[in-house]
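# Geometric and topological summary
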Amino acid sequence: MDNFTLHERIIGAHDWATYLFVLCFAIIAVNRTVFEVRFAEFTKLAWSDKYMKIYKDSSNLQSWFTISFFIVQVVSYAFLLQFILVYFYGESAQGGFLKFIQLLTLISSFVLAKYLIEKIIATAFDIEEFNEQFNLHKVNYRAYIGMLLLPVNVVLFYNLAPKAFVLYIILGLIVAGSILSYLISLRIYQKLILSKLFYFILYLCALEIAPYFFLYYWFTNR
């Protein structure tokens with residue numbers, strides 16, 4: 001007679017992530033329905049700047065479309081950062097709800113604090129117009145990357161810990177996309193940048209390079 005060993009089946013370890021993924025996909029679905037034309041142009045950002053030309057007004061930073069995609073963006077980046085911690089520190093990716101909340105809070109606080117500091121410095125340097133346009137440009141491209149990253153996070157989360165080369169490819173694509181968005185910004189606003197070149201260099205070093213350097217230093221020496 002065969003002997004059977006019963007093992008407890010643990011259910012619910014991934015529930016928190018499932019709810020977040022469903023919420024993010026629901027936000028995308030709602031935006032696609034409510035803002036059909038805008039969403040269609042937004043999805044073409046990788047090869048067309050028509051969306052940036054149509055929705056270039058700085059008031060779009062406070063629109064529901066932008067704010068909702070900011071939520072998707074920070075969730076996507078928090079998951080990616082969690083996968084990076086898994087690789088470098090051997091932490092558990094599945095079931096780490098508390099760790100995810102910490103990362104989500106860190107990313108959200110970093111982005112919002114950086115935005116407020118940029119507003120203050122832009123006012124001091126008298127480059128408010130450029131700052132608003134530049135911020136809108138960055139927000140749109142980062143939201144686009146966050147949307148593309150979401151299904152990748154789903155695949156990575158519900159499988160084994162991601163391999164190093166997968167993370168490097170993802171990070172490489174994100175860095176390449178970010179650099180490309182900066183180059184596009186420089187091309188679009190080159191006249192405005194040249195008229196305030198000194199202030200732009202200070203702005204670039206203080207707010208576009210230094211914060212990420214210190215964040216990287218903090219994580220690597222943690």
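Here the structure is shown first, and the text comes after it.
Thresholds, definitions, all that
- Residues numbered from 1 in each chain as written.
- Predicted model: local features only at pLDDT ≥ 70, side-chain atom pairs only at ≥ 80, totals over all residues.
- Heavy atoms only, no water.
- Helix = DSSP H or I, 4+ residues; strand = E, 2+ residues; numbered from the N terminus.
- Buried < 20%, exposed > 50% of the residue type's maximum accessible area, 1.4 Å probe, protein only.
- Contact = heavy atoms within 4.5 Å.
- Areas by Shrake-Rupley, 256 points an atom, 1.4 Å probe, with all protein chains shown as cover.
- Expected span 1.5 Å × (residues − 1).
- 1 Å grid on protein atoms, 1.4 Å probe; cavity = no way out; pocket = protein on both sides within 12 Å on 5 of 7 lines; lining within 4 Å.
- Points joined across faces, edges and corners; volume = space filled by probe spheres on them.
- Nonpolar A, V, L, I, M, F, W, Y, C, P; charged D, E, K, R; others polar.

Right, let's talk about the overall build of the chain for a bit. Across its full length, the chain carries nine helices and zero strands. Overall, the chain shows an N-to-C arrangement of helices and strands of α-α-α-α-α-α-α-α-α. For the chain, buried positions account for 39% of its 222 residues. Contacts in the chain between residues far apart in sequence, at least 24 positions, make up 80% of those at least 6 positions apart. Surface exposure of the chain reaches about 13300 Å², of which carbon and sulfur atoms provide 69%.

It is worth spelling out helix 5 (residues 97-125) at this point. For helix 5, spanning 29 residues, the distance from its first C-alpha to its last is 42 Å, which sits close to the expected 42 Å at 1.5 Å a residue. Three or more residues of helix 5 are buried, namely Phe-100, Leu-103, Leu-104, Ile-107, Ser-108, Phe-110, Lys-114, Glu-118 and Ala-122. Downstream of helix 5 by one or two residues, Asp-126 has phi in the positive range, about 60°.

Before going further, it helps to examine empty space enclosed by the protein. Applying the stated rule across the entire model yields one cavity of 30 Å³ or more. Lining of the largest cavity is provided by Lys-138, Tyr-141, Arg-142, Ile-145, Ser-178, Ser-181 and Tyr-182. Elements with a minimum of two residues in the lining of the largest cavity: helix 6 (128-157) and helix 7 (164-188). Examining the composition of the lining of the largest cavity, we find that four residues originate from one element, helix 6, more than from any other. Tallied by class, residues from the lining of the largest cavity come to three nonpolar, two polar and two charged.

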